[in-house]
Structure formats: C-alpha cells, structure tokens
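Working through the structure, step by step
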Amino acid sequence: MTATAAPATLPDGLPDGLIVVVRRECATCEMVAPLLDEMPVHVISEDDDEGLATSYGLGIETVPTLLRVVGGREVERLIGWQRGEWRRLSGDDGLGKDLPEWRPGCGSRTLDPGISEELDVRFRGATLRSRRVELAGLEDEVEAMFDRGWTDGLPVVPPTEARVLRMLQGTTRAASEIVALVPPDLVECTVEKVAINAVLAGCKPEYLPVVLAAVEAACTDEFNGHGLLATTFHSSPVVIVNGPIRRAIGMNSGVNALGQGNRANATIGRALQLVIRNVGGGRPAEVDRATQGNPGKYTFCFAEDEEGSPFESLSVAQGASAAASTVTLFAGAGVQPVVDQLSRTPESLAATYAACLRTVAHPKLPIAFDALLVVSPEHGRVFREAGWSRAKLLEELTLRLQLRGEDIIRGAGGIAEGLPESFAGATLPKFRHGGLLICHAGGDAGLFSAIIAGWASGSTGSTPVTREVRP
Amino acid sequence: MSVRTQIVLDPTGERQPSAREVTARPASLDGLTVGLLDITKARGDVFLNRLEELLTERGLRTVRYRKPTFTKPAPIDLRHEIATTCDVVIEALAD
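In every chain, residue numbers begin from 1 and rise along the written sequence. The naming scheme follows written order: chains are lettered A onward, ligands numbered 1 onward. In keeping with the model being predicted, local features are shown solely for residues with a pLDDT of at least 70 and side-chain atom pairs are shown and tallied solely at 80 or more, while totals for entire chains, interfaces and linings include all residues.

Quick word on the overall build of chain A
Helix numbers and strand numbers start at the N terminus; a helix is a DSSP run of H or I with at least 4 residues, a strand a run of E with at least 2. A count of helices and strands for chain A gives 16 helices and 20 strands. Note on method: radius of gyration uses C-alpha positions; expected globular size equals 2.2 Å times residues raised to 0.38. In terms of overall dimensions, chain A is more spread out than a globule: its C-alpha atoms have a radius of gyration of 29 Å, far above the 23 Å expected for 471 residues. Taken along its principal axes, the extent of the C-alpha atoms in chain A is 100 × 55 × 35 Å. The exposure label follows from counting other C-beta atoms within 10 Å of a residue's C-beta, where the C-beta atoms are placed from the backbone and the thresholds are 20 or more for buried and 12 or fewer for exposed, leaving partly exposed in between. For chain A, the residues scored as buried account for 45% of the 471 residues in total. Distance between backbone-placed C-beta atoms decides contact: two residues are in contact if it is within 7 Å. Summarising the internal contacts of chain A: among those between residues at least 6 apart in sequence, 76% fall at separations of at least 24.

As structure tokens, then:
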C-alpha cells in the first residue's frame, strides 16, 4: 500500500534517500530492526523526543513507515512491512528473506492518548492568537472560569490549548478568519474565538460549523443581534437547524426536541450565547436590559424533523436549497404550548392555531411581533392527510388572523393597551408578511404544538436570517 | 505534591474595560447649539417637545434628530451629523 497523503514540506534536515520511522513495543518494527543495519536508510525512532517531533511533522500514523525522499521532497510512502516493496526501494533483492511477505504496522506514538494532544500544543499551539491566561496552581479550574466572568451561570469546560486545537479540527476555515463583528462591542470575532467559546459550551468539534453559521447569522444587520441583546423584551436567538448536518451530528428533532438532553442541541445554542457574552461583551444588567428574560437565553437550538414533516422544510421556505445544511435564527421568547386533542380536520386545527397565535405579545397588538409555530407530528398528520401544504396553512392562518379595529383600539374589552382610536374602522393582520414562520418537530405522541413568540418584527427589530453551514 | 499551573485561552474580545472619556460639561449653554435626539420610543417626542420649548425660551438654538429605530444604534451618518452640528446633545429615553 502506498499512501498518497503526504505533508507538503518535510521537516528540515531530512536527508535524501530512504527514511524509516519506528518505535519500541511494536512487533513489526522489532521484526524489521535487523534489516535496518543492512539497508541504506536513515532511522527515526519515536522513542526519543526529537524523533517523535519529526514523526509528528511527517504526519506518521503507522510504524514502521518507509519514505523515499528525492531533492528534499517525499516521493513515496510505504506503511507496515511489505517485502516486495521494501526490496524494490532498497534495491536489495534478498532483503528479509526469512521474514513473511507482509505484516501490518502498529499505531504511531504521535497518536497515543495524551501524547497527540501534547504534540498538537507544542507544534500548532503557536498558531493560536488569543491571550493566554495562566490559572494559579491551587485555583480550581471550573471556579476560575466563574471568577473571570466567562460563564452564563453554569459551569463551562476550561478552554485549554489542546481542547481549542481539537475544536478547530471541526472546520476547514482558518483560525484567523474573521467570522463577524459581534455586538454590542462590535468586536472582530475570529474562528478561533468561536472555537474557544464552543469549548466553554461543551461542543464537539463537529458542531463547530453550525456554531460558526449561527454566529454569522446573529451578527447580520437584518437579524439585529445588537437590539435583540439590548432590548428590555424577553427574546433572544433561537437556532433552527436544517439539512444533512442534523443527522450527521446527532441533533434531536423528535421527542423533547425543544427541551434538554441532547448535547448538540444544548451546546450549539449555548456557544452562540457565550460568543455574544464573552466576545461581544453582552452581559445581563449591562447592555442586556431584559426586564425578565427567558430560559432560552442559556441555549435555544433544535433541529427540524424534515423526514416526518407534511411540509417543505423551514429552510426551503426561507429560500435555501433542499440539499443545504442551514441554520435559521429567529428572535424568540419562550415556548407557549397549543393544546388541541379533538380537531381532526385541518380547518379546525388552523382555527385553534389562529386563536392561540392571536395572543402573541397581546391579543390586541397587530403586526408588531413575529412568531414561529412548531407543528408536532400528530398535528402534522392532520394536514398531511388533508393534503395541506405549508402555503395553504399559512394562507388559512392569515385569513383567520385579521383583527378588527374596534376590537383592538385602546379601551376595547376594558383594556387600555391597543391601537389609537383612529384605527377603529380598519382591519389589520396579526402578523406582517413573512412574520409567521412554521416548522415541524417533536415526538410521535401528543396532540400539542408550540408557539415561540417573537420580538419587534422586521426592519424596526429583527428579521429571521437563514445561513448555510459551511465545512 | 507538585502543583501544575494550567494555561487557558481568553474567550473574550480582549478589550480591557476602558472607561471612555466624557466631554467636559459646558459651564453655560449660552451660544451653544443643542441637539435633541429622539430614539423613536413611544412618547419620547412629548418629552423633547417640552424641552425644546424651554430651551427656545432661553434663546438657545436647537436641532431635532430622530433614530430610524430604537432597537439599533444610531447610524454612523446621524452620529457624525450630530457631532459636527451640535455642541451638546440631549437623548430622550422613554416608554
């Protein structure tokens, strides 16, 4: 077997000709050891520090590995013992005549637990630009994170260089690439800073591309992360994930989709919040002026159940391609359950949704607040069996959500809140055009759906933003 | 027992909390131009209208400004215009 993936440049000082990388406690290395005296070969042992570093630089994963170097460039790489190939490279037709034809190698020491991380920090740590913070020897590392104000109130994972380097392997993007200007301080945020906060949040490296896309979306002018943070209102970013990445990283779109218990759901939403807190400087009672807030400000992220949905996905409705992995950010303010266990026709169920959606923010306030309706599988079945599309449901909801002026003016119903008297003769929609989003998630049992009420809508506040997840 | 120190990476924007210098208050408003910035929160205009009356009675020059939406920082052009036109500014927060 000849491997094709070789490092572009060799570590300095390697001679032309044959190079072999070996280690102790490897039966194949010990078997070939006597031959190395007979061959014109430069031996690199992973058992000494210098040899280990060279092996790391060469990207050796298996020992023995035999390399052929010409003009300072690697031109061939053999992994394990392959008698015929070793004979060809050494030019010795009798090499290893007492040895078997073939033996697999052993794992390189550079990949041993503990050692691989140490080597990563030693050789790639310098690529990280963030300020190093030294924790005192007797400081509890988790308490130290609290003391420095880096947490959302729950414990975080200390962002050591090794953990951050491992996190960065989750993306092909350069650590130094600027992802966004994060509000409220409008700080240039690099991929590296996002990775550090993803470590704090407890993410796995494969979640990082989703976190990066969420940060990009949150920091757009349309989404208005600044105002959303600063507002006295309850809302904060809700992240809805679509496309193949949902399954690839094991997100939950089923039972308890909006709740706790799934690492990807929990930590992606949390990482976004920590970026805003730590990089952007958005802290409660400072720029964050929420009167009451909502528990989704720790984390609020879930995947859409596309496979079980009667409708096209949310991301497609937002203009993305069906094959794309995306995040959609919605400025949401908690979950309001909708109970309807009796409706078996789409008309009746739509009327229930409309009655409940009317109460978003206040039953007498039109247009000003968006909403996200999360249809559950059992409710979705009613629409599927009746052949209702997303567009049809939206159209029917819009028809049922026309508010009569005399019902919503100030004083109507004995409630001071409402519109000025001059609207008495008007009819106004509850939601602005594009202000009611629909997605599908939840477990198979339960004739319930959910409304996630939004914030000040459109150009005066926040517009939902969909961004593709890039590797 | 050996005590190992640990290095972690700073997750913050690495901005030292630097207190921004506030321009010294003028001893008197005589001859100065006063900007009145309405952030577009409800009833902010009521407050500013009354302030404008009082300032004008004292013979001061006032200029009115309005943010497009209270949910976003003032656009940079608006900030520039206020900074170059006015000596002092009063911003109305209301609800």
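Picking up after the structure, the text goes on.
A closer look at the interface of chain A and chain B
The interface is formed by 34 residues belonging to chain A together with 17 residues belonging to chain B. When contributions to the side of chain A that touches chain B are tallied by element, the ones reaching two or more residues are β9 (132-135), α6 (161-168), α7 (191-201), α9 (225-230) and α11 (263-279) of chain A. Judged from the 4 bridges that link them, β9(A) and strand β1 (residues 6-9) of chain B form a sheet pairing that is antiparallel. Among the inter-strand pairings, A:Val133 is bridged to a residue of β1(B), identified as B:Val8. Strands pair, by our definition, only if DSSP identifies at least two bridges between them.

Some remarks on the sheet that holds strand β5 (residues 73-79) of chain A
Where strands meet in a sheet, backbone hydrogen bonds hold them as pairs that are either parallel or antiparallel. Residues and elements named next belong to chain A. Here we have 4 strands laid out as an open sheet, ordered β2-β1-β4-β5, and mixed in their pairing. Both edges of this open sheet fall to β2 (41-45) and β5, since each of them pairs with a single strand only. Each strand axis lies, on average, 25 degrees off the axis of its neighbour in the sheet, ignoring direction. Here strand β1 (residues 17-22) pairs with β2 via 5 bridges, running parallel. Each residue of the ladder has a partner; that of Ile19, found in β2, is His42. Here, axes are lines fitted to C-alpha atoms. For helices the fit covers the stretch in contact, and angles between N-to-C directions go from 0 to 180 degrees.

Structural notes on the nonpolar core
All names here are of chain A. Joined through C-beta atoms within 7 Å, a set of buried Ala, Val, Leu, Ile, Met, Phe, Trp, Tyr and Cys residues constitutes a nonpolar core. Core analysis: the largest hydrophobic core is formed by 102 residues, its most contacted members being Val211, Ala214 and Val215. At 9 residues, the largest contribution of residues to this core is made by helix α8 (residues 208-218). Leaving out residues up to four positions away in the same chain, Val211 has contacts with Val194, Ala198, Cys203, Ile268, Ala271 and Leu272. Core analysis: the second largest hydrophobic core is formed by 18 residues, Leu18, Met39, Ile60 and Val63 among them.

Regarding the environment of A:Leu35
The topology assignment puts A:Leu35 in helix α1 (residues 27-36). Separated by 178 residues in sequence, A:Leu35 and A:Ala213 have C-alpha atoms that sit 53 Å apart.

Topic: the domain arrangement of chain A
Where each domain begins and ends follows an automated or database-derived domain assignment. Once the domains are mapped, chain A shows domain 1 (17-112) and domain 2 (147-468). Here domain 1 of chain A and domain 2 of chain A have C-alpha centroids that lie 55 Å from each other.

Describing the packing of α8(A) against α11(A)
Residue and element names in this part refer to chain A. Between α8 and α11, the least distance of the axes is 9 Å, while the angle of their chain directions is 45 degrees. Compared by their axis directions, α8 and α11 come out oblique. Here the hand of the crossing between α8 and α11 comes out right-handed. Here Val210, Val211, Ala214, Val215 and Ala218 of α8 come into contact with α11, specifically with Ile268, Ala271, Leu272 and Val275. Amino acid classes used here: Ala, Val, Leu, Ile, Met, Phe, Trp, Tyr, Cys and Pro are nonpolar; Asp, Glu, Lys and Arg are charged; the rest, including Gly, are polar. A class-by-class count of the residues in the contact of α8 with α11 yields 9 nonpolar, no polar and no charged. Note on angle classes: values under 35 degrees are labelled roughly parallel, values over 145 roughly antiparallel, values of 65 to 115 roughly perpendicular, and the remainder oblique. Crossings are sorted by hand: turned counterclockwise from the far helix by less than a right angle, the near helix makes the crossing left-handed, and turned clockwise it makes it right-handed.

Side note on unusual backbone geometry
Trans is the prevailing form of peptide bonds, just as negative phi is the prevailing case for residues other than glycine. Residue and element names in this part refer to chain A. Here the amide bond leading from Val63 into Pro64 is cis, since omega sits at -10 degrees, within 30 degrees of zero. In this model, Pro183 is joined to Pro184 through a cis peptide bond whose omega is 5 degrees. Along the chain, Pro184 falls in the loop between β10 (178-182) and β11 (187-190). Phi is positive for Ala285, close to 70 degrees, though the residue is something other than glycine. Look at Ala361: it is not a glycine, yet its phi comes out positive at around 70 degrees. You can see Ala361 is positioned in the loop between α13 (346-357) and β15 (369-375).

Things to note about the sheet that holds strand β2 (residues 33-38) of chain B
Residue and element names in this part refer to chain B. The strand order β3-β2-β4 describes an open sheet built from 3 strands, whose pairing is parallel. Among the strands making up the open sheet, the edge pair consists of β3 (61-66) and β4 (88-92). Looking at each pair of strands side by side, their axes are set apart by 20 degrees on average, direction ignored. Note that β2 and β3 share 6 bridges and pair parallel. From the neighbouring strand, Gly35 faces β3, where its bridge partner is Val63. Contacts from helix α1 (residues 44-57) reach β2, β3 and β4 within the one sheet, and its direction differs from that of β2 by about 170 degrees. Contacting β2, β3 and β4, helix α2 (residues 76-85) crosses the sheet at an angle of about 160 degrees to β2.

A few points about the pairing of strand β4 (residues 65-70) of chain A
Residues and elements named next belong to chain A. Bridge count between β1 and β4: 5 bridges; the pairing is antiparallel. Counted as the bridge partner of Leu18 is Arg68 from β4. As defined by bridge partners, β4 adjoins β5 across 6 bridges and the pair is classed as antiparallel. Residue pairing in the sheet places Leu67 in a bridge with Arg77 of β5. Hairpin connection, β4 to β5: the antiparallel pair is bridged by 2 residues, and Gly71 has positive phi, about 60 degrees.

Section: helix α15 (residues 390-400) of chain A
Residues and elements named next belong to chain A. Here α15 has its buried residues at Arg390, Leu393 and Leu394. Down the axis of α15, the sector holding all buried residues measures 100 degrees, keeping them to one side. Exposed residues pointing more than 90 degrees away from the buried face of α15 are listed as Ala391 and Leu399. Arc definition: it is the arc formed by the directions from the helix axis to the C-beta atoms.

Concerning the environment of A:Gly80
Residues and elements named next belong to chain A. With respect to the helices, strands and loops of the structure, Gly80 is situated in the loop between β5 and β6 (81-82). Residue classification places Gly80 among the partly exposed positions, given that 19 C-beta atoms sit within 10 Å. The spatial distance from the C-alpha of Gly80 to the C-alpha of Val316 is 49 Å, given a sequence separation of 236 residues. Gly80 has contacts with Thr28, Thr62, Pro64, Arg103, Pro104 and Gly105, leaving out every residue within four places of it along the chain.

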